[in-house]
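# Overview (structure and organization)
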Amino acid sequence: MRAAVITRPGGPEVLAIEQRPDPEAGPAEVLVRVRASALNRADLLQREGHYPAPPGWPPDIPGMEFAGEIAAIGARVTEWRVGDRVFGIAGGGANAELLVIDGACVARVPDQLSWTDAASIPEAFITAHDAMIVQAELRAGESVLIHAVGSGVGLAATQLARAWRATPCGTARTAEKIERARTLGLADGLTVASNLEVIAAAVEEWTRGRGIDVTLDLVGGDYLPASIAAAAPRGRIMLIGTVAGRSATVSVGAILRKRLTLRGTVLRARSLDEKRAATALFARDVVPLFASGVLRPTVDSVYDLDQIRAAHERLASNATFGKVVLRVA
Ligand SMILES: NC(=O)c1ccc[n+]([C@@H]2O[C@H](COP(=O)([O-])OP(=O)(O)OC[C@H]3O[C@@H](n4cnc5c(N)ncnc54)[C@H](OP(=O)(O)O)[C@@H]3O)[C@@H](O)[C@H]2O)c1
């Protein structure tokens, strides 16, 4: 098979397309002929040598999500047939023509979705659904604040919040992203620069003084104290990304007074059973909303597999709105 390979730690120039032996499905696994994959921040970190793939996944082939057809089935897999259209998340290895994955870590792709649209969905929507709906237990009528709202996860969270009859608000450093996010259901948005104290003031106005019930912090660093300042009593703050920094100084007093919940989350390092559970909830609660048109894929750009260097550069530019997708076969 053809695969994108990280030949050594470094910039986009260390990526190459190489021939690799075809993988084979074990008894509980399926072999997927990958038609499209999508990029994530973790791929950039892995390429730089800062975020190795978890044990059991190809160490040098990036790619954490895919859409494709089932090409072979392990002896113990009963729910899939060769030719079924599936998508899902992987610990790595999805930027290749073939991928082996547990048979319960794939979901059926709705008929109307193209391969490139389908590949843009799993990581962003599973992350947003798991953090906001499953862990933070978002309820109808609540407010949500999403930092980096024009990101893949941010736009997924915006749409899911609407679908759950909550009110999504967001921040971005680019005014155009706020405007475009409104077309996907963003109720209120704020363009931020270095002064993040403006966030609490804007939230005060948006929520008529109540504050935010559920915050998805996709950037970290100084956004955490800003999220604490903007939170409603008993608010839940989900820490999901660290692109703005891995540490912050926070007011412990404010966390106590407001009785806040702060919770960190990652998908990639979870156990197989946890990934099966997240995929099952995605298939049950999220995928049907794509079939019915309530949710829409948000594709920023599409590159061919052999343009993977340019795809990495596009993601790292911070200019993206939604997902960078790789057309594989
Ligand atoms: N925990 C998990 O399991 C998990 C899973 C998936 C993703 N993530 C994390 O979730 C975040 C979003 O992922 P994604 O793939 O959706 O991202 P993405 O599409 O690549 O978008 C990230 C956006 O963040 C903004 N940004 C970058 N650096 C920033 C900074 N220093 N300060 C403020 N904003 C900054 C940029 O938009 P603007 O500056 O224009 O607003 C950028 O376009 C990332 O941090 C990623 O690592 C975590």
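Every value quoted in this text rests on a predicted model; they were computed, and no experiment measured them.

## Remarks on the overall build of the chain
The number of helices and strands found in the chain is ten helices and 15 strands. The C-alpha atoms of the chain give a radius of gyration of 20 Å, which matches the 20 Å a tight globule of 329 residues would have. Projected onto its principal axes, the C-alpha positions of the chain cover 60 × 40 × 35 Å. Per-residue burial over the chain gives 55% buried out of 329 residues. For the chain, the accessible surface area stands at approximately 14000 Å², while carbon and sulfur atoms represent 50% of it.

## Here's the deal with the side chain of Q46
Inspection of the secondary structure puts Q46 in helix 1 (residues 41-48). Its relative accessible area of 7% is what places Q46 among the buried residues. One polar contact links the side chain of Q46 to the main-chain carbonyl oxygen of P59, over a distance of 3.3 Å. Only 2.7 Å separates the side chain of Q46 from the side chain of R268, close enough to count as a polar contact. Sequence-distant contacts of Q46, defined by excluding residues within four places in its chain, comprise I6, Y51, A53, P58, P59 and R268.

## Examining the site of the ligand
Taken together, the neighbourhood of the ligand is formed by 26 residues, with R41, V153, R173, T174 and T265 sitting nearest. Here T265 contributes a backbone N or O atom positioned 2.8 Å from a nitrogen atom of the ligand. Counting only elements with at least two residues in the shell around the ligand, the list comes to helix 3 (122-135) and helix 4 (152-163). Taken domain by domain, the shell around the ligand gets at least three of its residues from each of domain 1 (2-121 + 268-327) and domain 2 (124-264).

## Observations concerning the packing of helix 3 against helix 9 (residues 272-291)
Viewed as axis vectors pointing N to C, helix 3 and helix 9 meet at an angle of 105 degrees, and their least axial separation amounts to 10 Å. Considered as vectors, helix 3 and helix 9 are oriented roughly perpendicular to each other. Residues P122, F125, I126, H129 and V134 of helix 3 form the contact with helix 9, whose own contacting residues are A278, L281, F282, D285, V286 and F290. Considering only residue class, the contact of helix 3 with helix 9 consists of nine nonpolar, one polar and one charged.

## Regarding the packing of aromatic side chains
One pass over the structure, following the stated rule, counts two aromatic pairs. Judged by centre distance (5.3 Å) and plane angle (50 degrees), the ring pair of F87 and F282 falls under tilted. Here F282 lies in helix 9 and F87 lies in strand 5 (residues 85-89), a separation of 195 residues in the sequence. The exposure classification of F87 matches that of F282, with both residues buried. Relative to F290, the ring of F125 lies with its centre 4.8 Å away and its plane at 80 degrees, an arrangement referred to as edge-to-face. Taken together, the positions of F125 in helix 3 and F290 in helix 9 put the pair 165 residues apart, joining distant regions of the chain. Residues F125 and F290 agree in their burial class; the two are buried. Positioned above the aromatic ring of W115, the side-chain terminus of R85 is 4.5 Å from the ring centre. Above the plane of the ring of Y51 lies R268, whose end atom (NZ or CZ) is 4.8 Å from the centre.

## Considerations on the side chain of T298
Locating T298 in the fold gives a position in the loop between helix 9 and strand 14 (299-304). We classify T298 as buried; its relative accessible area is 9%. Among residues more than four places away in sequence, those in contact with T298 are S120, L155, Q159, L184, G322 and K323.

## Looking at the sheet that holds strand 12 (residues 231-239)
Spatial strand order, 10-9-8-11-12-13: six strands in an open sheet with parallel pairing. Two strands close off the open sheet at either side, each with one partner strand: strand 10 (188-191) and strand 13 (261-264). The mean inter-strand angle of the sheet, taken between neighbouring strand axes irrespective of direction, is 15 degrees. Each of strand 8 (143-147), strand 9 (167-172), strand 10 and strand 11 (212-217) touches helix 6 (residues 198-206); the most contacted strand, strand 10, lies at about 160 degrees to it.

## Focus: the pairing of strand 3 (residues 29-38)
A large share of strand 3 lies buried, amounting to seven of its ten residues. Sheet topology note: the strand 3/strand 6 (residues 98-102) ladder contains five bridges and is antiparallel. Of the residues in strand 6, the one forming a bridge with V30 is I101. As judged from the seven bridges shared by strand 3 and strand 4 (residues 65-73), these two strands associate in the antiparallel manner. Within strand 4, the residue paired with V34 across the bridge is G68. For strand 3 and strand 15 (residues 323-327), the ladder comprises three bridges, and the chain directions are antiparallel. For A38, the partnering residue across the bridge sits in strand 15 and is V325.

What counts, and at which threshold
By convention here, each chain's residues receive numbers from 1 onward along its written sequence. pLDDT decides what is reported in this predicted model: residues at 70 or higher carry local features, side-chain atom pairs at 80 or more are listed and counted, and totals for whole chains, interfaces and linings draw on all residues regardless. The side-chain figures draw on all heavy atoms in the structure; neither hydrogens nor water molecules are used. In DSSP terms, a helix is any run of H or I states spanning at least four residues, a strand is any run of E spanning at least two, and both are numbered starting from the N terminus. Here the globule rule is a power law, 2.2 Å times the number of residues to the power 0.38, and the radius of gyration is based on C-alpha atoms. Exposure classes here rest on a 1.4 Å probe applied to the protein chains alone. A residue is buried below 20% of its type maximum, exposed above 50%, and partly exposed in between. Throughout, the Shrake-Rupley method with a 1.4 Å probe supplies accessible areas, and for residues the shown protein chains are the sole cover considered. N or O atoms closer than or at 3.5 Å make up a polar contact, with two conditions inside protein: a donor-capable atom paired with an acceptor-capable one, and, for residues adjacent in sequence, both atoms drawn from side chains. Contacts are assigned to residue pairs that have any heavy atoms within 4.5 Å of one another. Nearness here has a simple test: a residue counts as near a molecule or strand if at least one of its heavy atoms is within 4 Å of that partner. Domain segmentation is taken from an automatic or database assignment of domains. Simply put, an axis is a line fit to the C-alpha atoms, just over the touching stretch for a helix, and the angle between two N-to-C directions goes from 0 to 180 degrees. Reported orientations rely on four angle classes, namely roughly parallel under 35 degrees, roughly antiparallel over 145, roughly perpendicular from 65 to 115, and oblique for the rest. All residues other than Ala, Val, Leu, Ile, Met, Phe, Trp, Tyr, Cys, Pro, Asp, Glu, Lys and Arg, Gly among them, are scored as polar; the first ten of these are nonpolar and the last four charged. Each Phe, Tyr or Trp ring (for Trp, its six-membered ring) is paired with any other whose centre lies within 6.5 Å, and the angle between the two planes then decides the class: stacked below 30 degrees, edge-to-face above 60, tilted in between. Note on geometry: a ring has a charge over it if NZ (lysine) or CZ (arginine) is within 6 Å of the ring centre and within 35 degrees of the ring normal. In this analysis, strands are considered paired if DSSP registers two or more bridges between them.

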